[in-house]
Amino acid sequence: MEGNGYDYQIVRGFTFSALFWLITGLVVGLWIALEMFNPALNLTPWLSFGRLRVVHTNGLGLGFGLAGIFAASYYMLQKLARTPLVFPGLAKVHLYLFNFIIALAALSLFAGMNTSKEYAELEWPLDIAVVIMWVIFAVNVFATLIRRQEKQMYVSLWYIIAMTVTIAVLYIVNNLEVPVNLFKSYPVYAGVNDANVQWWYGHNIVGFIFTVPILAMFYYFLPVSTGLPLFSHRLSIISFWSLIFAYLWTGAHHLMLTPLPEWIQTVGIAFSIFLIAPSWGSVVNGYYTLRGNWEQMRSNYLVKFFIVGITFYGLQTIQGPTQGLRTLTSFFHYTDWVIGHVHMGTMGWVTMTISAAFYYMIPKITGTGLYSIRLANVHFWLILVGQLIWTITMWVGGIQQGAMWKATDPDGSLTYNFLDSIASLYPYYKIRFAAGIVYFVGIILFAWNIFMTIRTSKNNP
Amino acid sequence: MDVYSKPVVFAVLSAIVILVGTVVTVFIPMLMPSTQPVSDYIKPYTAVELEGRDIYIRGGCNNCHTQTVRPLRTEVLRYGEYSKPEEFAYDRPFLWGSRRTGPDLNRVGGKYPDSWHYKHMADPQSVSGKSNMPPYAWMAQNRLDTRYSVRKTRILGYGYTEEEVVAQIADYRAKVTSPSYKSKRARNGVTPKELRDELTEMDAVIAYLQKLGRDVKKLEAGN
């Protein structure tokens, strides 16, 4: 402990929360992966795929993802502001409220209380709780920033501010709904407008949870764990503003060839292609930060998490805009290709960066070394191999299903019925499940390593 | 001005930057009636269809079934006429979905008789051997809850009076419990004895599925 009054309890609390929801979300993920080729596992209404899939996405996106972001944000905030959290008590309320919300969210989604809007499935009472929680977080962010000892705000803080502001706007606008009773509501938007609002939200909630704050971590933890200064401050400025400007225009690439007005779709495509530039601005900034020091990929176990992670981010941000083009979307959309795309980002970029952030922060907090660097290396390779097999399998399956949907006989009639196309995917689903197990083992090692680091530290208060 | 040392100014600036695309692509289209046109041919859901729709949402059916047919040759061949914006004027929420683990349902209304749906919903593999759809037999074991039907249709602005809602429910109940109901055998096959004279959740889901894409045929004929 550095004894400067920094609140590290909160960092630790959110770290544990993240690991708990990560493992829970992955168990649900493995179960639904099994259900995909073994429908008999849909044992009860609570365990049916349609409900569990939502528990999986919310558990990992909002449970694991947000907890990891809160842990790292509270850490970076204090370090970069060179000042302790202004309201540590409020942060504690934040921690308890967060876990309470995620637990209730899981239960209510199991019970079928959901609004159907992806990543905004929680019913209105929980929406209100989420907004309250977010305000509590924002109060600490801004109070600490205002009281900071460091004149300039470093890049990571810009990303944290942008996330704090944007998530609030997205969440409130997309969740405006009229309650029927405590457990049921209808959105204020209808049809095409509801779709447009939802995918503006859906795309950007991914952007401002799985990109913006993860970039904040990347920009902070890569330099501090390597001792190398960020390559270009100017490039980070350009990347930041163009990223957050362009992101909000692109939601419609999720709605290509639907009844959404065509001009909104076209604008969505154009800005998606543009987004490659700021995304790669961060990728290049990361690569060049290591210039002349690439031996750290071998000598510093953390570096490969960051560099491989940002590489997946780079691939993700090329694949995404490309598959949104009309010709390609007509082939790939609604297939498993997109599922593969999402999981490269989440299992690759997001998890690798959060893992490395935890590996850096926890030993700093406890004042000891990591429990086992060797275990961390095994963790790295397991999640890398697991994720690659997982996503490549889904891409191949997606191409196959897309091709089968489009196949016609010489007389112009369809070659395959729908059932043929889904039944042909079962072998891929089995490989996907096996890959998920490999990945899961890696995550268990990760959690164990963090847990043991804290347990063996002498400063455990 | 150095915004990088002023957190509040920075936050305000960020908010403005993210709102530009939001206003242009989301808020302005919302103010344009052409984004969500309304047609006289497309009727709102009846109270029973709406309850069925809510059960569809509760089951998370939208996680595997889309409800939007794209204007692509093979897609129109497979499902029928591509989706028109008018069809969704009463959809709150929209249920277009994002993944087709099962087929699109926007044109499923009238494609199969009710009897097919009763059998398929209760035990999908008995009808489509290779399917991975979960069984929903339990929906036939649940009495349909219509306590909120009046309130729901009022919130959604469907323009029904309370009497009309009650009549819609009674009519549909009379239809499926009538001895001359064509799918009587299939319905009795999945519905427990004590519920055969009542409306079940499965009755409502099937009513909803049979509504999908029906009105649009009138719209197309009318044009």
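Residues numbered from 1 in each chain as written. Chains lettered and ligands numbered in written order. Predicted model: local features only at pLDDT ≥ 70, side-chain atom pairs only at ≥ 80, totals over all residues. Heavy atoms only, no water.

1. Some remarks on the overall build of chain B
Here's step 1: Scanning chain B for helices and strands turns up 10 helices and 0 strands.
Here's step 2: Overall, chain B shows an N-to-C arrangement of helices and strands of α-α-α-α-α-α-α-α-α-α.
Here's step 3: On the principal axes, the C-alpha backbone points of chain B span a range of 80 × 45 × 40 Å.
Here's step 4: A buried classification covers 58% of the 223 residues belonging to chain B.
Here's step 5: Within chain B, contacts between residues at least 6 apart in sequence are counted, and of these 74% link residues at least 24 apart.
Here's step 6: By element, 57% of the accessible surface of chain B is carried by carbon and sulfur atoms, the whole surface being about 9,600 Å².
Here's step 7: One finds the centroid of the 32 positive side-chain charges in chain B at a distance of 6 Å from the centroid of its 25 negative side-chain charges. (Helix = DSSP H or I, 4+ residues; strand = E, 2+ residues; numbered from the N terminus. Buried < 20%, exposed > 50% of the residue type's maximum accessible area, 1.4 Å probe, protein only. Contact = heavy atoms within 4.5 Å. Areas by Shrake-Rupley, 256 points an atom, 1.4 Å probe, with all protein chains shown as cover. Lys, Arg positive; Asp, Glu negative; His and termini not counted. Charge placed at Lys NZ, Arg CZ, Asp CG, Glu CD.)

2. Points about the pairing of strand β2 (residues 184–187) of chain A
Here's step 1: Of the two faces of β2 of chain A, both are covered, the one formed by K184 and Y186 of chain A as well as the one formed by S185 and P187 of chain A.
Here's step 2: Between strand β1 (residues 177–181) of chain A and β2 of chain A, which pair antiparallel one after the other, the connecting turn spans 2 residues. (Pairing = 2+ DSSP bridges.)

3. A short note on the domain arrangement of chain B
Here's step 1: According to the domain assignment, chain B contains domain 1 (3–34) and domain 2 (39–222).
Here's step 2: Taking only C-alpha atoms into account, the centre of domain 1 of chain B sits 39 Å from that of domain 2 of chain B. (Domains from an automatic or database assignment.)

4. Considerations on helix α11 (residues 301–323) of chain A
Here's step 1: Spanning 23 residues, α11 of chain A covers 34 Å between terminal C-alpha atoms, matching the ideal 33 Å at 1.5 Å per step.
Here's step 2: Most of α11 of chain A sits out of view: 19 of its 23 residues are buried. (Expected span 1.5 Å × (residues − 1).)

5. Focus on the interface of chain B and chain A
Here's step 1: Chain B puts 78 residues into the contact, and the matching count from chain A is 92 residues.
Here's step 2: Where chain B abuts chain A, roughly 7,400 Å² becomes buried across the two surfaces, and 66% of that area is made up of carbon and sulfur atoms.
Here's step 3: The largest contributions to the chain B side of the interface with chain A come from Y4, R78 and R99 of chain B, which together make up 11% of the buried area.
Here's step 4: Linking chain B to chain A there are 3 salt bridges.
Here's step 5: At the boundary of chain B and chain A, one finds 33 residue pairs in polar contact (both at pLDDT 80 or more).
Here's step 6: Among the elements of the structure, α1 (7–31), α2 (47–58), α3 (73–79) and α6 (149–155) of chain B are those that each provide at least two residues to the side of chain B that touches chain A.
Here's step 7: Examining the composition of the side of chain B that touches chain A, we find that 19 residues originate from one element, α1 of chain B, more than from any other. (Buried area = accessible area lost by both parts, 1.4 Å probe. Salt bridge = Lys/Arg side-chain N within 4 Å of Asp/Glu carboxyl O. Polar contact = N/O pair within 3.5 Å; in protein donor to acceptor, adjacent residues only side chain to side chain.)

6. Looking at the state of the cysteines
Residues and elements named next belong to chain B.
Here's step 1: One pass over the full model with this rule turns up 0 disulfides over all chains.
Here's step 2: Residue C61 stays outside any disulfide, its sulfur separated by 8.5 Å from that of C64, the closest cysteine.
Here's step 3: On the basis of relative accessible area, C61 is assigned to the buried category, the value being 15%.
Here's step 4: Judged by its relative accessible area of 14%, C64 is buried. (Disulfide = S-S within 2.5 Å.)

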